[in-house]
Amino acid sequence: VVTTTYNKIRRLVADVLDPELPDLTIDDLGILRDIEVSSTGRVVVSITPTYCGCPAIEMIKSDIVERLREAGFPDTEVRSVLAPAWTTDWIGNSGRRKLRESGIAPPSSESWCGRRLSGRVCCPRCRSFDIREVSRFGSTPCKALYACNACNEPFDYFKAL
Ligand SMILES: [Zn+2]
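In the first shell of the zinc ion, the protein supplies C123 (SG), C126 (SG), C148 (SG) and C151 (SG), at 2.3 Å from the metal. Around the zinc ion, the four donor atoms sit at angles spanning 104 to 120°, and that spread fits a shape best called tetrahedral. Read N to C, the donor residues that coordinate the zinc ion are spaced as C-x2-C-x21-C-x2-C. Of the two residues, C123 sits in the loop between α5 (110-113) and β5 (131-135) while C151 sits in the loop between β6 (143-148) and β7 (154-158), which places them 28 residues apart along the sequence. Residue classification places C151 among the partly exposed residues on the basis of a relative accessible area of 26%.

Put into structure tokens, the structure is as follows:
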């Protein structure tokens, strides 16, 4: 019974979206660190904020509390765990796929490009390495704006950290 409750809570919490990255859940981003459920039904969720998501983290916290309240868990605390600090290495494969599908080059995209070129950026559309940095800051501070010389499309790069 305890496992069933835990799994239900985990599914609900894992599906919470990051408001700044459409379709990416907090589980995709690796910011969901831990969930504890006590015998009294109190839930403690631990998350580690991304380095770019200060306003987003408050929305994520209230989303978690709201979802759990609707599902019958009114006593939820969301804790921010700042150490160890979040890094883009925590973004899992599903998160990287979703970034590419939204036209954002994921951090350290060498596996997508099919070559071992750590730290190099390639175009999320045509995979070309013939790209240029347009601006160090894209739509949010965690992204840089690039453009592809091969297909001529601009794209956001999720900076590796
Ligand atoms: Zn391209």
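This paragraph deals with the side chain of D28. By the secondary structure assignment, D28 is in helix α2 (residues 26-29). A polar atom in the side chain of D28 sits 2.7 Å from the side chain of S94. Separated by 2.6 Å, the side chains of D28 and K98 make a polar contact. With near-sequence residues (within four places) excluded, D28 lies in contact with D23, W90, I91, G92, S94, G95 and K98.

Conventions we followed
Residues numbered from 1 in each chain as written. Predicted model: local features only at pLDDT ≥ 70, side-chain atom pairs only at ≥ 80, totals over all residues. Heavy atoms only, no water. Donors = N, O, S within 2.8 Å, 3.2 Å for Na, K, Ca; no water. Tetrahedral: all angles 85-135°; square planar, octahedral: opposite > 155°, others 65-115°. Helix = DSSP H or I, 4+ residues; strand = E, 2+ residues; numbered from the N terminus. Buried < 20%, exposed > 50% of the residue type's maximum accessible area, 1.4 Å probe, protein only. Polar contact = N/O pair within 3.5 Å; in protein donor to acceptor, adjacent residues only side chain to side chain. Contact = heavy atoms within 4.5 Å.

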